[in-house]
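Descriptive structure summary
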Amino acid sequence: MSGDNVGGKGTPNNKNVSLPMSRVKLIMKSSPDVSNINQEALFLTTKATELFVQHLALSSYKNGSGKDKNTLSYTDLANVAEAMENFQFLTDILPKKILARDYLKSLEERQEEDDL
C-alpha cells in the first residue's frame, strides 16, 4: 500500500489528489488557530475536501434538472443543499436564487405584517 500512501510509510504526494495542496494549505493557514501543518494532515484534508466536493456534485447531478443536458447548475447545488439533511449546513453558502422583484415583494409583505 505504499503506492497510494494510505496508512503507510512515505510522504503523500500531489499525484493522489486533484485539488492543489498548496491552495488547501494556504486556506488552512488563514486560520489563526493553525501554526504548523503536517504533510499527512494536509494530504488528508485535501483528499477529504475532494471527496466531499465530488459527493456534493454527484448528489446534485442525480437530483438535479440537468441530467437530460448532462449539466450541473447552481440551482441544482442549492436545491440539494436545502433538500438533503447532510448538506443543510451549506444553505447559507448556496442559497436559492430569488428575483429582485420577488424579494422586494416579500419585503413589502413583511413590513405590512409588522405594521399590523
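Here is a short report on the structure shown in this document.

Rules of the game
- Residues numbered from 1 in each chain as written.
- Predicted model: local features only at pLDDT ≥ 70, side-chain atom pairs only at ≥ 80, totals over all residues.
- Heavy atoms only, no water.
- Core = buried A, V, L, I, M, F, W, Y, C linked by side-chain atoms within 4.5 Å.
- Buried < 20%, exposed > 50% of the residue type's maximum accessible area, 1.4 Å probe, protein only.
- Helix = DSSP H or I, 4+ residues; strand = E, 2+ residues; numbered from the N terminus.
- Contact = heavy atoms within 4.5 Å.
- Patch = residues over 30% accessible without salt bridge, like charges linked within 9 Å, V, L, I, M, F, W, Y side chains within 5 Å.
- Areas by Shrake-Rupley, 256 points an atom, 1.4 Å probe, with all protein chains shown as cover.
- Salt bridge = Lys/Arg side-chain N within 4 Å of Asp/Glu carboxyl O.

Our focus in this paragraph is the nonpolar core. Formed by Val17, Met21, Val24, Met28, Ile37, Leu42 and Phe43, the largest nonpolar core amounts to seven residues. Looking at this core, the elements that each hand over two or more residues are helix H1 (21–29) and helix H2 (39–63). Ranked by the residues each element gives to this core, the list is headed by H1, at three residues. Aside from chain neighbours lying at most four places away, what touches leucine 42 is Met21, Val24, Lys25, Met28 and Ile37. Leu56, Val80, Leu90 and Leu94 belong to the second largest nonpolar core, which has six residues in total.

Let us now look at a nonpolar patch on the surface. Nonpolar side chains collect at one region of the surface, where Phe52, Val53 and Phe89 lie side by side and expose about 280 Å² of accessible area between them. Judged by its relative accessible area of 54%, phenylalanine 89 falls in the exposed class.

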